[in-house]
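Architecture and fold: a report
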Amino acid sequence: MTLLLDVLTSIGILTIVVLGLAIVLGVLDVINLAHTGFMGIGVYAAVVAHEHGWPFWLGVVVAAIAAAVAGLVVEVLVIRRLYDRPLETILATWGISLIIVQLITLAFGHNNRAVGQPLATATSVFGTPYSTYRLVLVIIAAVLVVGLALLIRFTRVGLTVRMIQANQDLARGLGIRVSFLRASTFVVGCALAGFAGALLGPTQAINPNYAVSLVATAFLAVLLAGRHLSGLVLGCVILGAVQVLFARWANPVYSSAVVVGVAVVLLRIFPEGLTWRRA
Amino acid sequence: MAHSTPTRRTLAALTATCTTAGLMLSACGTSSPEASTSDYKVGVLLQLSGAGSVYADSAQAGTKAALQDVNSSKKAGVRFTSVVADAGADAQSATTACSRLIQQDKVKALVVFVPGPQLLACNTLAKRQNIPILSLSSGAGNICATNLTGFGLVPNQQTLPVLDDLIAQGKKKWYFFGADYSTPKTTISIAKPYLASKGGTTVGESYEPMGTTDYSQDITKIVNAHPDVAFLNVIGNDDVALEKQWAADPRTKGITRVDILLGEGPAKALGSAASGIWSSNVYFSSIPGSDNDTFKSQIQAAGLKDSPDINTYVSYLQVEALASAVKSAGADGPKVISALGKTDITGPLGSQFQIRSGFSYQPVYLAQAQADGSFAIQKKSDPVDPKLACSSAS
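The paragraphs below set out a description of the structure included in this document. (Residues numbered from 1 in each chain as written. Chains lettered and ligands numbered in written order. Predicted model: local features only at pLDDT ≥ 70, side-chain atom pairs only at ≥ 80, totals over all residues. Heavy atoms only, no water.)

**Notes on the overall build of chain A**
The number of helices and strands found in chain A is 11 helices and 2 strands. Ordered by position from the N terminus, the helices and strands of chain A form the series α-α-α-α-β-β-α-α-α-α-α-α-α. Principal-axis analysis of the C-alpha atoms gives chain A an extent of 60 × 50 × 35 Å. Of all 279 residues assigned to chain A, the portion counted as buried reaches 56%. Once local pairs closer than 6 in sequence are excluded, the contacts in chain A between residues at least 24 apart make up 75%. For chain A, the accessible surface area stands at approximately 12000 Å², while carbon and sulfur atoms represent 71% of it. With 16 positive and 8 negative side-chain charges, chain A shows a separation of 6 Å between the mean positions of the two kinds. (Helix = DSSP H or I, 4+ residues; strand = E, 2+ residues; numbered from the N terminus. Buried < 20%, exposed > 50% of the residue type's maximum accessible area, 1.4 Å probe, protein only. Contact = heavy atoms within 4.5 Å. Areas by Shrake-Rupley, 256 points an atom, 1.4 Å probe, with all protein chains shown as cover. Lys, Arg positive; Asp, Glu negative; His and termini not counted. Charge placed at Lys NZ, Arg CZ, Asp CG, Glu CD.)

**A short note on the sheet that holds strand β14 (residues 359–361) of chain B**
Two pairing modes exist for strands in a sheet, parallel and antiparallel, and in both the strands are linked by backbone hydrogen bonds. All names here are of chain B. Read from one edge to the other, the open sheet built from 3 strands follows the order β12-β13-β14, with strand pairing classed as antiparallel. Strand pairing shows two members of the sheet lacking a second neighbour, β12 (344–346) and β14, which therefore form its edges. Adjacent strand axes in the sheet meet at a mean angle of 25° when their direction is disregarded. Direction of pairing for strand β13 (residues 352–356) relative to β14: antiparallel, over a ladder of 3 bridges. The partner of Q354 across the bridge, within β14, is Y361. (Pairing = 2+ DSSP bridges. Axes fitted to C-alpha atoms, helices over the stretch in contact; angles between N-to-C directions.)

**Some details on the packing of helix α11 (residues 310–329) of chain B against helix α12 (residues 333–340) of chain B**
Residue and element names in this part refer to chain B. With their axes 8 Å apart at the nearest point, α11 and α12 run at an angle of 120° to one another. Regarding the angle of α11 to α12, the classification is oblique. As α11 runs across α12, the sense of the crossing is right-handed. Touching A321, L322, A325, V326, S328 and A329 of α11 are K335, V336, A339 and L340, all from α12. In terms of residue class, the contact of α11 with α12 is built from 8 nonpolar, 1 polar and 1 charged. (Parallel < 35°, antiparallel > 145°, perpendicular 65-115°, else oblique. Left-handed = near helix turned anticlockwise from the far one by under 90°. Nonpolar A, V, L, I, M, F, W, Y, C, P; charged D, E, K, R; others polar.)

**Some remarks on the pattern of salt bridges**
Within this structure, the stated rule accounts for 17 salt bridges over all chains. A salt bridge links E75(A) to R80(A), with the shortest nitrogen-to-oxygen separation between them at 3.0 Å. Its salt-bridge partner being K198(B), residue D164(B) comes within 4.0 Å of it at the nearest N-O pair. Of this pair, D164(B) sits in helix α5 (residues 155–168) while K198(B) sits in the loop between α6 (182–197) and β8 (201–208), placing them 34 residues apart in sequence. Linked through salt bridges whose partners overlap, the residues forming this network are D69(B), K75(B) and E320(B). (Salt bridge = Lys/Arg side-chain N within 4 Å of Asp/Glu carboxyl O.)

**Describing the side chain of R182(A)**
All names here are of chain A. For R182, the location among the structural elements is in helix α8 (residues 178–200). R182 gets classed as buried once you look at its relative accessible area, which sits at 9%. Beyond its immediate stretch of four places on either side in the chain, R182 contacts L28, E75, Y83, D84, Q168 and R172.

**Things to note about the packing of aromatic side chains**
Enumeration according to the criterion identifies 16 aromatic pairs over all chains in this entry. Pairing Y44(A) with F108(A) gives two aromatic rings, centres 4.6 Å apart and planes at 40°, and the pair type is tilted. Highlighted residues: Y44(A) in helix α2 (residues 35–51) and F108(A) in helix α4 (residues 86–108), separated in sequence by 64 residues. Overall, the relative accessible area of 2% leaves Y44(A) in the buried class. Judged by relative accessible area, which is 24%, F108(A) ranks as partly exposed. For the ring pair F177(B) and Y215(B), a centre distance of 6.0 Å and an interplane angle of 90° mean the geometry is edge-to-face. Here the residue F177(B) occupies a position in strand β7 (residues 173–179), and Y215(B) occupies one in the loop between β8 and α7 (216–224), the gap between them amounting to 38 residues. Here the aromatic cluster, defined as three or more aromatic residues joined through ring pairs, consists of Y283(B), F295(B), Y313(B) and Y316(B). The aromatic ring of F180(A) is capped on one face by R177(A), whose charged end is 4.6 Å from the ring centroid. Above the ring of Y207(B), the side-chain terminus of K185(B) is found at 5.1 Å from the ring centroid. (Phe/Tyr/Trp six-rings, centres within 6.5 Å; stacked < 30°, edge-to-face > 60°. Lys NZ or Arg CZ within 6 Å of the ring centre and 35° of its normal.)

This is how it looks when you write it as structure tokens:
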């Protein structure tokens, strides 16, 4: 049971990290190398909230808002001018991530900070005591995925986003405000990054280089996703499970390399990503 | 919205890049503005960027306080000035920074706070010019050179006192977990046979690569081995993540944690998640006594907002030891190197600090983290022989 819970929480954490990244890439074709920077903005917003005595969950909301505001500024000043130029967006978002790291360092210093330890209790799952907070992360990941799926499949916003994803010129011709929706999508992606940053704060070291180690596997999951939510979930399940199971049953030192190897093999077999398509 | 022209887009990208480069370069180095040719210029090499930058503030404060002390008390017989350079996060960056300090700034000695690979890279340049290097790290006690002096503890100096104490408490079953890196591996390779020689048992041993973020499966492995003690030997930010996840896992209750690599700053940030962790080192800010109170005041006057930690203490010792060597040997590189090898000074805690064969001998304190993340001193041990991996310096 513990192994299953470890696998589930690993998948949940990866999903939470990946969602914002996947939305921005899937809809906007922007490889957002500043994703960890926005996670950093989120977690430091949660740190400030914690230091002002605010409840952790309020800090998570503040984190999402702070990252969204920062995302809006970045979109208006930089990203908006670089859509449809993948290489330039990579360069620009990389630069933005470095700027964010330096700004956080200037504001907060190099030292580790804290966001508190919410739900520091155990929950029994079929007789196995497990960290309540980690279980809550799995639930949040599931809620995010289901919510996003419903949004994309059953709402007008989702329909519009899918139209932009499929054919921007046609969408523009039909009177859809493409630039507004692009900006909104980038802001939502950044808000999700900030949200993820704050949520993972209680389990990670919080310093200006926050989440850098988390993002390598996240990018692999996004590549595997093939721009579909189902592919994203499947990618997270495969990579999260491989990481935990290899670390448990073999040498953990090689588990990261094995994760990369599995991703490469899958991309070789499914170059367009892990998506189910009707014939 | 009108489409931007390619030129404008390129310009925007270039602007972002240039701004970034400007911000990065601004952190590359600073120097004392009033240096003159008769001064003894000290190069301070530390990680101002990258993951290792978490130690920069405390180390710089120690160096600054010691420079003030050396100059105001005329301890070196010559005025010390300093130039700071960013070693970055890799050996190439360290080589560039070190080269600048030696070739351009013409420093006469180097005080360094970098991991083994960066230290080796820098020493390649320094050794050629007989420039003494005073380092916190000496790798796992296996980086030796005639011009290199290690001021921190080597693995067996730091590990054996805490092993002795916990074995005496009846904690005989140990699980060793570490980062897949030379220092943890050396530390554990020393600890295991020592534990066996004292009647203890190793119930498990495993490693994770640097940069690991999820330790749930490792914690499960450790818990399933039912140890009395989990010896956690992970480095830097990974260590903070591990300790947070350990503390949040209900299955770990009742297992004693030893983490000799956990600094005071990270422990403070961990707060209650650090509670109960055993550590050992030559300095903790909670060491009782007026000497430490004076030292802390001195460091805070140098601009450190937080309490000093091991990095502050060692950086202070480095400059004081260098001053002592320069006082007795003059500014000549080989003579200073020779004098450093016989350093015998009174440290800021009032105890004797000695350097022999390039490595330090100093008392070791055992401490246990409290609910607020501070360390309470439990015991003071006599200096431990380093038992070096390299018996003679090349």
